[in-house]
Amino acid sequence: MKTYTQLAELPTPTTPVVATIGNFDGVHLGHQGVIAEVIERARFLGGQSLVITFDPHPARVLRPQHPQPLITPLPRKLELLAATGIDATLVLPFTTALRHMQPREFAADILAERIRVTEIHEGENFNFGYRPPNGPATENSIEGLESLGRQLGFSVVVYAPRIVRGEPVSSSRIRTLLATGTLSHNSALSHARALLGRPFSIDSTPAPGRGYGTKYAVPTINLAPYPELLPANGVYVTTLTIGQETFDAVTNVGNRPTFGADSFAVESHLLNFHPIDLTDRTPLRLTFLRRLRAERPFPTTQALRDQIALDVTRARRYFDLCRAVAP
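Everything in this summary refers to the structure shown in the same document. In this text, all values refer to a predicted model and were calculated from it rather than measured experimentally. The numbers attached to residues start from 1 for each chain and follow its sequence in the written order. For a predicted model such as this one, the threshold for reporting local features is a pLDDT of at least 70, and the threshold for listing and counting side-chain atom pairs is 80 or more; totals across whole chains, interfaces and linings nevertheless cover every residue. Excluding hydrogens and water, the side-chain values take into account all heavy atoms of the structure.

A separate point is the overall build of the protein chain. A tally of helices and strands in the protein chain yields nine helices and 14 strands. On the principal axes, the C-alpha backbone points of the protein chain span a range of 70 × 40 × 40 Å. Counting over 327 residues, the protein chain shows a buried share of 47%. Taking the intrachain contacts of the protein chain between residues at least 6 apart in sequence as the baseline, contacts between residues at least 24 apart amount to 71%. Counted as positive: Lys and Arg. Counted as negative: Asp and Glu. His and the chain ends are not counted at all. For the purpose of locating charges, the reference atoms are NZ of Lys, CZ of Arg, CG of Asp and CD of Glu. In the protein chain, which carries 33 positive and 29 negative side-chain charges, the distance between the mean positions of the two groups comes to 5 Å. Think of it this way: any DSSP run of H or I at least four residues long counts as a helix, any run of E at least two long counts as a strand, and we number them from the N terminus. Per-residue accessibility, obtained with a 1.4 Å probe over protein chains only, is compared with the maximum for each type, and a residue is labelled buried under 20%, exposed over 50%, and partly exposed between these values. Throughout, a contact is declared for two residues whenever any of their heavy atoms are within 4.5 Å.

On to the layout of surface pockets. The computed volume of the largest pocket comes to approximately 1,300 Å³. Two kinds of site are reported from a 1 Å grid over the protein atoms alone, namely cavities, where a 1.4 Å probe fits but cannot get out, and pockets, open sets with protein on both sides within 12 Å along at least five of seven lines, and residues are called lining when an atom falls within 4 Å of a point. Lining the largest pocket are 44 residues, with Gly 22, Asn 23, Asn 125, Phe 126 and Asn 127 sitting closest to its centre. If you list the elements that add at least two residues to the lining of the largest pocket, you get β2 (17-21), α1 (29-45), α2 (58-62), α4 (96-99), β5 (117-123) and α7 (171-180). Top element by residues in the lining of the largest pocket is α1. It accounts for four residues. Grid points are joined across faces, edges and corners, and a volume is the space filled by probe spheres set on the points.

Right, let's get into the environment of Ile 39. Of note, Ile 39 is situated in helix α1. Separated by 57 residues in the primary sequence, Ile 39 and Thr 96 have C-alpha atoms spaced 31 Å apart. Excluding residues that lie within four positions of it along the chain, Ile 39 makes contacts with Ser 49, Thr 84, Gly 85 and Ile 86.

With that out of the way, let us pick up the sheet that holds strand β1 (residues 2-4). Spatially, the six strands line up as an open sheet ordered β1-β4-β3-β2-β5-β6, and their pairing is parallel. Two strands bound the open sheet, and with one partner strand each, they are β1 and β6 (155-159). Across the sheet, the axes of successive neighbouring strands diverge by a mean angle of 25 degrees, strand direction being ignored. The sheet contact formed by β2 and strand β3 (residues 48-55) spans five bridges and is parallel. Each bridged residue has a counterpart across the sheet, and for Thr 20 the counterpart in β3 is Val 51. For two strands to be treated as a pair, DSSP must find no fewer than two bridges joining them. Angles shown run from 0 to 180 degrees and are taken between the N-to-C directions of axes, each axis being a line fitted to C-alpha atoms and, for helices, limited to the stretch in contact.

Turning our eyes to something else, we now look at the pattern of salt bridges. Two side chains of opposite charge can pair, provided their charged atoms sit close to one another. Salt bridge, as used here: a side-chain nitrogen of Lys or Arg that lies within 4 Å of a carboxyl oxygen of Asp or Glu. This structure, assessed with the given rule, holds ten salt bridges. A salt bridge links Arg 41 to Glu 119; its shortest N-O distance comes to 2.6 Å. Separated by 78 residues along the polypeptide, Arg 41 in helix α1 and Glu 119 in strand β5 bring together distant segments of the chain. Overall, the relative accessible area of 30% leaves Arg 41 in the partly exposed class. Put simply, Glu 79 and Arg 76 hold a salt bridge, and the shortest N to O gap is 3.0 Å. Of this pair, Glu 79 and Arg 76 both sit in helix α3 (residues 74-83), separated by three residues, roughly a single helical turn. The class of Glu 79 is partly exposed, set by a relative accessible area of 38%. By relative accessible area, which is 13% here, Arg 76 ends up buried. Among the charged side chains, a salt-bridge network with shared partners connects Arg 76, Glu 79, Asp 203 and Arg 285.

Okay, here's the thing in structure tokens:
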């Protein structure tokens, strides 16, 4: 996948361009379905498939007082987009000028003139461009895009929301599930996994100042402070990928209430640990597989140790079962 971060970087197209526009936070099953159709259609036309996305996420510019944690920060989002097989991704800087660009200007100047799109594929709830308070209600909606496409020479393909487990797939729903932790009928983590089409994971590095040497010989690793979306506080069955090696793990996300209110950490205990090379810059990928329990205080340190031993036993059983049923 080719990645462009400015319109000026885009080469002048010589074949049809089939594109989709969006934030694509999470690159969930709904996104994946539309992108697959974009790729197929571009191949049929002998053209190029293109994702158009934004950085920073528009919500962070439009509502800075309520910063929205991301399911997939930009590097992870680009990695997942590349895995779809898309030909190219354009990451448009969400500047003040772009924020105030009206729908016709965006469609004419960017989509039609600069990118020269042949087709745009979007969900039925798509909105784009700046609509003044007194502007037509449909001006920046999917209906407005269809109307502009007819005038400017590109077509629009519209998709209904993808339904998984009886509900529409959306980034906002996935954020809510991960932040909730439990559902009355199901594991929220499992539900989010179904909507994403993969387990939820985060990328980080080891917490600094932990005395990492040439060989790290302690089976517990704290992650550096992570500014984006984390699952609800609690204890999880996880895997931790350190460089190129993946370990089974039990991870605590939260304030470690037994040790006081200001002790938030994402702390992973590696089950199949052996001494490893580790610095505070070593890349880590923590993947959440199952929620074991909510966090809670314990009356004594021994009670905490006993619970950790039980958590570890349950995690080992989980991994044993997964390996037993794996093809």
